[in-house]
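# Residue-level structural notes
The chain contents come next:
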Amino acid sequence: MNEHAPQHHLPNRLRGGRRGALAAVTAVAAAAVVAGVLAPSAASAAPRPDAVQQRLDALVQKDGVPAALATVKGRDGRTRTYTAGVGNTATRAKVPVDGQVRIGSNTKAFTAVVILQLVAEGKVGLDASVDTYLPGLVRGEGIDGRTITVRQLLQHTSGLPEYVDTGAVLNAPGRYYEPRELLDAALAQKAHFAPGAKWEYNNTNYLLAGLIIQKITGRPVGEEITKRVIDRIGLRHTYFPAPGDTTIHEAHPNGYQRTADGSLRDYTELDPSWGWAAGAAVSTNTDVTRFYGALLGGRLLPAAQLAQMRTTVPAEELGAGVRYGLGLVSRPLSCGGVAWGHGGAIPGYETAGGTTEDGRAVNITVTTIPDADTTKHVDQAVDEALCR
């Protein structure tokens, strides 16, 4: 659930911060807008379709990902979709155009929006303690909910330990987890640092954000995300899975992870309850770009709360020049400026992308959580699509 999930294997990329770890999922989990690593190229009216296609083809042919999908909104305002590879390695079925995928830690941005809407409604205070809303719940060695603020949860500066057990998720992808069970796993560990002392990507932060949403609204977090975000801006191919829902509802490419012996294991059907408010959502590349476009365009939050969301701290763990706001990441582009987004990873899928101030947007999905070299190539593809 990470912006991207932990790195080379599930752990970091599942964080939600793509460079975090499944123990830090969904992530990355927690995924995201891409750091500038390509030399700037001459601007054109829109990303060249052949250039984007070539990038996706290379991810399949050279990096070995089963499939790659992309949606690109160019300087001309037109949206184009691309596919490469196969949607099913057994049947060799084609990749569905703009197929549904698990978007991992992009879910964090949805959760943060709901919290900030509650802030705008006067129901939650960003600088109020977690104990204000979940009294007595957050206690552990060096952990005290009276000293952690809601802002620190959304910003990943709480010092809380990670709850995700990478091995358990990979070994039993169909298992259901209750949010309190996940929280107990985190609170059984020591705090990593004092609240506000530093930045560290962590799914536990968004687990608690989800619990706050439920406490304040009296409704399941998935219902609030659906009502306040998905339905509000018309994301027709996006949903928060109901308890026990292990399937992907619409046409989709299968998702895989490479095992120790080099073979691919199919993780398409998976219970995302362990990702929950940090990384459970399913969407399409096009819907993801629409979400970030609507968010940055002021359609989901009042100006004051959007400004808070875009107030960032350094997050070098995610890459050079990367900064983290409240569920929102900014990454520098090789052509200047930054792209905003999040990104995410969950077994079988990783998404990365970004949206610029002038409306350019891209989201790319590969149907596995790739190694570090492949992740760099995905990032380069995002940067090139935004900078052409």
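Residues numbered from 1 in each chain as written. Predicted model: local features only at pLDDT ≥ 70, side-chain atom pairs only at ≥ 80, totals over all residues. Heavy atoms only, no water.

What follows deals with the confidence of the model for the protein. For the protein, the mean per-residue pLDDT works out to 90, and 87% of the residues sit at or above 70. This model gives residues 1-44 a pLDDT under 50, and the stretch forms 349 contacts once residues within four places in sequence are excluded. (pLDDT = per-residue confidence, 0-100. Contact = heavy atoms within 4.5 Å.)

The next point concerns the environment of R180. Position of R180 among the secondary structure elements: in helix α6 (residues 179-187). For R180, a relative accessible area of 45% puts it in the partly exposed group. Along the backbone, R180 and L211 are 31 residues apart, and their C-alpha atoms lie at a distance of 9.0 Å. (Helix = DSSP H or I, 4+ residues; strand = E, 2+ residues; numbered from the N terminus. Buried < 20%, exposed > 50% of the residue type's maximum accessible area, 1.4 Å probe, protein only.)

So, about the packing of aromatic side chains. Throughout the structure, instances matching the rule amount to 5 aromatic pairs. Their ring planes at 45 degrees and their centres at 5.7 Å tell us that W199 and Y324 sit as a pair that is tilted. Separated by 125 residues along the polypeptide, W199 in the loop between α6 and α7 (203-217) and Y324 in strand β10 (residues 323-324) bring together distant segments of the chain. Grouping residues by exposure puts W199 and Y324 together as buried. Among the aromatic residues, those joined into a ring-pair cluster are F110, F291 and Y292. (Phe/Tyr/Trp six-rings, centres within 6.5 Å; stacked < 30°, edge-to-face > 60°.)

Attention shifts here to the packing of helix α3 (residues 106-120) against helix α10 (residues 285-296). Helix-helix packing is characterised by the crossing angle of the two axes and by the distance between the axes. Direction vectors running N to C along α3 and α10 enclose 35 degrees, while the axes themselves pass 12 Å from each other. Crossing of α3 over α10 shows left-handed handedness. Between α3 and α10, the contacting residues are N106, A109, F110 and V113 on the first element and V288, F291, Y292 and L295 on the second. (Axes fitted to C-alpha atoms, helices over the stretch in contact; angles between N-to-C directions. Left-handed = near helix turned anticlockwise from the far one by under 90°.)

For the rest of this paragraph, the subject is the pattern of salt bridges. The full count for this structure, using the stated rule, is 16 salt bridges. The partner of E121 in a salt bridge is K123, and the shortest N-O contact between them spans 3.3 Å. Relative accessible area serves as the criterion here: at 39%, E121 is assigned to the partly exposed category. E357 serves as the salt-bridge partner of R310, at 2.6 Å between the closest nitrogen and oxygen. Remark: E357 occurs in the loop between β14 (349-355) and β15 (361-366) and R310 occurs in the loop between α11 (303-309) and β9 (313-314); sequence separation between them is 47 residues. Among the ionic contacts, a cluster of salt bridges with common partners joins E121, K123, E224, K227 and R228. (Salt bridge = Lys/Arg side-chain N within 4 Å of Asp/Glu carboxyl O.)

Between its first and last C-alpha, α7 extends 21 Å over 15 residues, near the 21 Å set by a 1.5 Å rise per residue. The buried count for α7 comes to 11 of 15 residues, which makes it a mostly enclosed element. Taken as a whole, α7 has its buried residues at N203, T204, N205, Y206, L207, L208, A209, G210, L211, I212 and I213. At its buried positions, α7 is contacted by α3, α4 (150-155), α6, α8 (221-230), α9 (276-279) and β10. The backbone nitrogen of T204 has a side-chain oxygen 2.6 Å away, supplied by the residue at the start of α7, namely N202. Of the residues flanking the end of α7, it is G218, one or two places downstream, whose phi is positive at about 75 degrees. (Expected span 1.5 Å × (residues − 1). Polar contact = N/O pair within 3.5 Å; in protein donor to acceptor, adjacent residues only side chain to side chain.)

What follows covers the side chain of T351. With respect to the secondary-structure elements, T351 resides in strand β14. T351 sits in the buried class, given a relative accessible area of 1%. A polar contact of 2.7 Å, which involves the side chain of T351, links it to the side chain of N106.

This paragraph deals with the state of the cysteines. Enumeration over the complete set of coordinates arrives at 1 disulfide. With its sulfur 2.1 Å from that of its partner, C335 forms a disulfide with C387. Its S-S torsion of approximately -70 degrees makes the covalent link between C335 and C387 left-handed. In this pair, C335 sits in the loop between β11 (329-332) and β12 (338-341) while C387 sits in helix α12 (residues 372-387), placing the two residues 52 residues apart along the sequence. Exposure remark for C387: the relative accessible area of 4% places this residue in the buried category. (Disulfide = S-S within 2.5 Å.)

In this structure, F291, L295 and M309 are the most contacted members of the largest nonpolar core, which totals 80 residues. Once residues within four sequence positions are removed from consideration, M309 is found in contact with A109, A112, V113, L116, L295, L301, G325, L326, G327 and L328. Core analysis: the second largest hydrophobic core is formed by 21 residues, L59, Y82, V366 and V382 among them. (Core = buried A, V, L, I, M, F, W, Y, C linked by side-chain atoms within 4.5 Å.)

This next bit is on α3. Taking 1.5 Å per residue, 15 residues should reach 21 Å; α3 reaches 22 Å between its end C-alpha atoms and fits that length. When you tally the buried positions in α3, you get 14 out of 15 residues, the bulk of the element. Where α3 terminates, the next one or two residues include G122, which has phi positive at roughly 75 degrees.

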